[in-house]
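Secondary and tertiary structure notes
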Amino acid sequence: MHTKRPLHKTGSLQLRFKPFNLQLKNVFTLSNNSRDTTPIMLTEIEFDGHTGYGEASMPPYLGENHDSANRFLSQLDLKQFHHPFQIEEILNYVDGSLPGNTAAKASIDIALHDLIGKLNGLPCYEMWKLDPNDTPDTSFTIGIDTLDIIQEKVRQADSFNQLKIKLGTPNDKEIIRAIRSVTQVPLSVDANQGWTDKHEALDLIYWLKEQGVIFIEQPMPITMTEEMAWLTAHSPLPTIADESVQRLADIKNTHQVYSGINIKLMKSTGLCEAQKMIKQAKSMNMKIMLGCMTETSCAISAAAQLSPIVDWADLDGNLLISNDIFDGVKIENGEIKLNKRPGIGVIPL
């Protein structure tokens, strides 16, 4: 999906990185944990007078942190490459240098795409021949909280055309009823593996459909593959794999177990593999959701470059933090609006 590179002098790639902590506007609660900060690693790759920006977002449950990202990035030698247009070769080297570290790897991938776009003078979506008018609405995430606070968060999100609701609690129906007393916009539900009985889950999904829910994300634990396949076969709503799919190799294991997949750059190691995941999922007639962690506008803007070719987007991670340090893509009336800046479309603040 890359255009032919223009003529540029060869040199070496200069990698820089530094840790940073995102401050969440509200405590973020899922079915199994809560937090009010997220550690990230900011990366820069410089070449020929241009700088590409990247980011690794590392929520604790994924197993990466500042120390692991520092160790991983410190052992990389990008100076051996003569220009960023060797991106496949560079990313193969990065991926093969150590196992795991998918967010740290994504930070390199994002910075390289930003750099290549700047050298080409084009936004990534334009290099890939994607139409910026095809971007979907993004959902806005409502975490688990007291009913009063949930309702207030919903009121504050009245500019969004779709909400993503975190469930997986003993009072899931009460949460949905409270939300429906405030808004009638379409909802998606993320149970974060919180449902463990397939029959109860199916009954709840039928009820959720009546409440205007359009799909269910990761309803059951990743270990319950047979139960999940049964649930998908009987569900009146699409089921989307999140924790069950990390990278390209995982998609084959989700086929006929889920209706679709949630691709996140921090899991996929970045945009290159995310593109391959989209292509494979489409070839298997699976739905595609583009998601995120809590991130700055850097990683969100990178993911948004792919948004014209997915079914659903949940790219609100930068809206959940109070200390964004980039200006990038915007959300207008709930819709993702790509800009015309080269690369991933960000500038540091």
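The following paragraphs examine the structure supplied in this document.

Procedures and definitions
Residues numbered from 1 in each chain as written. Predicted model: local features only at pLDDT ≥ 70, side-chain atom pairs only at ≥ 80, totals over all residues. Heavy atoms only, no water. Core = buried A, V, L, I, M, F, W, Y, C linked by side-chain atoms within 4.5 Å. Buried < 20%, exposed > 50% of the residue type's maximum accessible area, 1.4 Å probe, protein only. Helix = DSSP H or I, 4+ residues; strand = E, 2+ residues; numbered from the N terminus. Contact = heavy atoms within 4.5 Å. Pairing = 2+ DSSP bridges. Right-handed = clockwise from strand over helix to strand, strands pointing away. Axes fitted to C-alpha atoms, helices over the stretch in contact; angles between N-to-C directions. Parallel < 35°, antiparallel > 145°, perpendicular 65-115°, else oblique. Left-handed = near helix turned anticlockwise from the far one by under 90°. Nonpolar A, V, L, I, M, F, W, Y, C, P; charged D, E, K, R; others polar. Phe/Tyr/Trp six-rings, centres within 6.5 Å; stacked < 30°, edge-to-face > 60°.

Turning next to the nonpolar core. Counting residues in hydrophobic clusters, the biggest one holds 106 residues, and the most contacted among them are I108, I165, W195, L208 and L315. Looking at this core, the element that brings in the most residues is helix 3 (residues 102–120), giving 10 residues. Not counting residues up to four positions away in its chain, the partners in contact with I108 are L15, T43, I45, L73, L76, L78, L91 and V94.

Turning our eyes to something else, we now look at helix 6 (residues 172–180). Along helix 6, the residues that are buried comprise D172, I175, I176, A178, I179 and R180. Taken together, the buried residues of helix 6 touch helix 5 (147–156), strand 5 (163–166), strand 6 (187–190) and helix 7 (198–210).

Residues L163 and I165 point to one face of strand 5 and K164 and K166 to the other, with burial holding for every one of them. Inspection of the sheet shows strand 4 (residues 140–142) paired to strand 5 by 3 bridges, in the parallel sense. Bridge pairing links F140 to L163 in strand 5. Each parallel crossover has a hand, and for strand 4 linked through helix 5 to strand 5 it is right-handed. Sheet analysis places strand 5 next to strand 6, joined by 4 bridges and oriented parallel. Within the sheet, the bridge partner assigned to I165 lies in strand 6 and is V189. Handedness of the crossover joining strand 5 and strand 6 through helix 6: right-handed.

This brings us to the packing of helix 5 against helix 6. A packed helix pair is summarised by two numbers, namely the angle formed by the two axes and the spacing between the axes. Where helix 5 meets helix 6, the axes come as close as 9 Å, and the angle between the chain directions of the two elements is 40°. Taken together, the axis directions place helix 5 and helix 6 in an arrangement best described as oblique. Note that helix 5 runs across helix 6; the crossing there is right-handed. Mapping the contact onto sequence places L147, I150, Q151 and V154 in helix 5 and E174, I175, A178 and I179 in helix 6. The class makeup of the residues in the contact of helix 5 with helix 6 is 6 nonpolar, 1 polar and 1 charged.

Before going further, it helps to spend a moment on the packing of helix 1 (residues 66–74) against helix 3. It is the contact of helix 1 with helix 3, at a shortest axis distance of 9 Å, that shows an interaxial angle of 50°. Considering the angle they form, helix 1 stands oblique to helix 3. As for how helix 1 packs across helix 3, the hand of that crossing is right-handed. Residues A69, F72 and L73 of helix 1 form the contact with helix 3, whose own contacting residues are A104, K105, S107 and I108. The class makeup of the residues in the contact of helix 1 with helix 3 is 5 nonpolar, 1 polar and 1 charged.

This part covers unusual backbone geometry. Of note in the backbone geometry, N192 takes a positive phi value of approximately 50° without being a glycine. Phi at Q218 takes a positive value of approximately 40°, unusual for a residue other than glycine. Looking at the secondary structure, you find Q218 in the loop between strand 7 (213–217) and helix 8 (225–234).

Further remarks concern the packing of aromatic side chains. Considering all chains together, one arrives at 4 aromatic pairs under this definition. Seen in terms of ring centroids, F140 and F160 are 4.9 Å apart; in terms of plane orientation they differ by 35°. Their pairing is tilted. Taken as a pair, F140 in strand 4 and F160 in the loop between helix 5 and strand 5 lie far apart in primary sequence, 20 residues in all. Take F140 and F160: they sit in the same class, and that class is buried.

Distances and angles like these do not, on their own, reveal function.
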